[in-house]
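Letter by letter, the chains look like this.
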Amino acid sequence: MELKTLLVAVDADAASDARLGMACRMAKALEARLIGVGAGETIPTTLADPYLGGGLFTGTLETFRDLVNEELETLRSRFEVAAAAHDIEAMWRGRPGAPVDVVVEEAACADLVLAGRRNPLCDARAADPGDLIVRVGRPVLVVPPVPSGEVIGGRALVAWSRSREARLAIAGALPLLRLAREVKLVTVTSEPATADVGQALEAQVDWLQTHGVSASATSKASLQETGDELLDLAADMDADLLVAGGYGHSRVQEWVMGGVTRTLLSHGNVSVLFAH
């Protein structure tokens, strides 16, 4: 599959500018269309509760709606200025609503979604990346506030396992892996890898080769939590892209129970492509 349409979630958090810039550069390099999406709840959570907000005046709700619409107009302008500066085909699809719901709906017409990490604006004015990963049905590239480098043409580390999520992630990342100057597959284990682990890695390297991707592979026995080990390996490699399966069934599970996905969503400076 080619990446012909990218979607970038735009919000008022300061880190959104780095994400928007990366999205524009990716769209330029891939000759892809870029869809910008911003959203905002027009009724704050407290006001939606009849016990807390039932006595407020209609004018108060209208004020909140006006504030959301003003912010969306600012985001639209920022998106259009960035797109014009990069001379790319672009369209704005921002509107009032729950951010994650709006992004999920618009992503039906996109091949890849670029999102940011969780920030103070979630969930009323920015989409939570954990929710997106499990709901959007597309690969999600989570861009940190200060990315380590460019996803197009950089170094890529692929976290490989026999899981469904890992298979979806590497398949979704293929267009980017073809353009990478170095690709390395790694399996992190708690004990020295067995022969069948090595065989599985070799088979995956061979599969990548059939798709025009030259890659090397290794296994790493580590006592660290897998997410921390992957981030260390990415830093050692100077990776610009980390590809990983997105695990868990809901954001609550990821953020309360922890795990690899939570670590990769919260730490490090490498952009991470997830699939679930």
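Scoring rules and cut-offs
- Residues numbered from 1 in each chain as written.
- Predicted model: local features only at pLDDT ≥ 70, side-chain atom pairs only at ≥ 80, totals over all residues.
- Heavy atoms only, no water.
- Core = buried A, V, L, I, M, F, W, Y, C linked by side-chain atoms within 4.5 Å.
- Buried < 20%, exposed > 50% of the residue type's maximum accessible area, 1.4 Å probe, protein only.
- Contact = heavy atoms within 4.5 Å.
- Salt bridge = Lys/Arg side-chain N within 4 Å of Asp/Glu carboxyl O.
- Helix = DSSP H or I, 4+ residues; strand = E, 2+ residues; numbered from the N terminus.
- Axes fitted to C-alpha atoms, helices over the stretch in contact; angles between N-to-C directions.
- Parallel < 35°, antiparallel > 145°, perpendicular 65-115°, else oblique.
- Left-handed = near helix turned anticlockwise from the far one by under 90°.
- Pairing = 2+ DSSP bridges.
- Polar contact = N/O pair within 3.5 Å; in protein donor to acceptor, adjacent residues only side chain to side chain.

Undergrad: Can you break down the nonpolar core residue by residue, with the values?
TA: Among the nonpolar cores identified, the biggest contains 48 residues, and L6, L114, L141 and L177 are the most heavily contacted of them. Once you skip the residues sitting within four places of it in the chain, L6 turns out to touch A23, M26, A27, L30, A32, R33, L34, I35, A110, L112 and L114. Counting 36 residues, the second largest nonpolar core, distinct from the first, contains I35, L231, L233 and V270.

Undergrad: Please provide a residue-by-residue account of the pattern of salt bridges, values included.
TA: As enumerated under the stated definition, the model contains 16 salt bridges in all. R95 is the partner of E106 in a salt bridge, and the nearest nitrogen-oxygen pair spans 2.5 Å. Here E106 is found in helix α5 (residues 99–106), whereas its partner R95 is found in strand β5 (residues 95–96), with 11 residues between them in sequence. In this structure E106 comes out as buried when scored by relative accessible area, which is 14%. For R95, a relative accessible area of 25% gives the class partly exposed. For the salt bridge of R155 with E182, the shortest nitrogen-to-oxygen distance reads 3.2 Å.

Undergrad: Now, about the side chain of E71: what can you tell me, with residues and values included?
TA: Along the chain, the position of E71 falls in helix α4 (residues 58–86). Apart from residues no more than four positions distant in its own chain, E71 is found in contact with A12 and R125.

Undergrad: Could you give me a rundown of the packing of helix α7 (residues 164–179) against helix α8 (residues 195–210), with the residues and numbers involved?
TA: The N-to-C vectors of α7 and α8 enclose an angle of 50°; their axes lie 11 Å apart at closest approach. Classified by the angle between their axes, α7 and α8 sit oblique to one another. Note on packing geometry: the crossing formed by α7 with α8 is right-handed. Here I170, A171, L174 and L177 of α7 come into contact with α8, specifically with Q204, W207 and L208.

Undergrad: Report on the side chain of S271, specifying residues and quantitative values.
TA: Its place among the elements puts S271 in strand β12 (residues 271–275). With relative accessibility at 0%, the residue S271 sits in the buried group. Apart from residues lying up to four places away in sequence, S271 is in contact with M22, L141, V142, V143, P144, P147, V151, D240, L241 and L242.

Undergrad: So what's going on with the environment of G38? Which residues, and what values?
TA: Tracing the sequence through the fold places G38 in the loop between β2 (33–37) and β3 (39–40). Classification of G38 by relative accessible area gives buried; the value is 1%. For G38 and P96, which are 58 residues apart along the polypeptide, the C-alpha to C-alpha distance reads 8.2 Å. When near neighbours in sequence (up to four residues on either side) are disregarded, G38 contacts V10, L72, W92, G94, R95 and V102.

Undergrad: An account of the pairing of strand β11 (residues 241–245) is requested, with residue identities and associated values reported.
TA: Taking burial as the measure, the five residues of β11 include five buried ones, the bulk of the element. The alternating pattern of β11 places L241, V243 and G245 on one face and L242 and A244 on the opposite face, and all of these are buried. Here three bridges tie strand β8 (residues 155–159) to β11, and the two strands are oriented parallel to one another. Counterpart to V158 in the pairing with β11 is V243. Relative to β12, β11 runs parallel, the two being bridged by five bridges. Each residue of the ladder has a partner; that of L241, found in β12, is S271.

Undergrad: Please set out the sheet that holds strand β6 (residues 112–116) residue by residue, giving values where relevant.
TA: Reading across from one edge, β4-β2-β1-β6-β7-β12-β11-β8-β9-β10 is the order of the 10 strands in this open sheet, with mixed pairing throughout. The open sheet has two edge strands, β4 (90–92) and β10 (216–221), and neither has a second partner. Taking the axes of each pair of neighbouring strands and ignoring which way they run, one obtains an average angle of 25° across the sheet. Of the pairings in the sheet, the one linking strand β9 (residues 182–189) to β10 comprises six bridges and is parallel in character. If you follow T187 over to β10, its bridge partner there is S219. This element, helix α1 (residues 16–30), spans β1 (5–9), β2, β6, β7 (140–143) and β12 of the sheet and lies at about 175° to β1. Sitting on the sheet, α8 touches β9 and β10, and the angle it makes with β9 is about 155°.

Undergrad: Outline the environment of T189, listing residues and values.
TA: Within the fold, T189 resides in strand β9. You can call T189 buried: its relative accessible area is 17%. Taking the C-alpha atoms as reference points, T189 and Q224, 35 residues apart in sequence, are found 9.6 Å from one another. What T189 contacts, discounting residues up to four positions off in sequence, is K220, A221 and S222. One polar contact links the side chain of T189 to the main-chain carbonyl oxygen of E191, over a distance of 2.5 Å.

These figures capture arrangement, not role.
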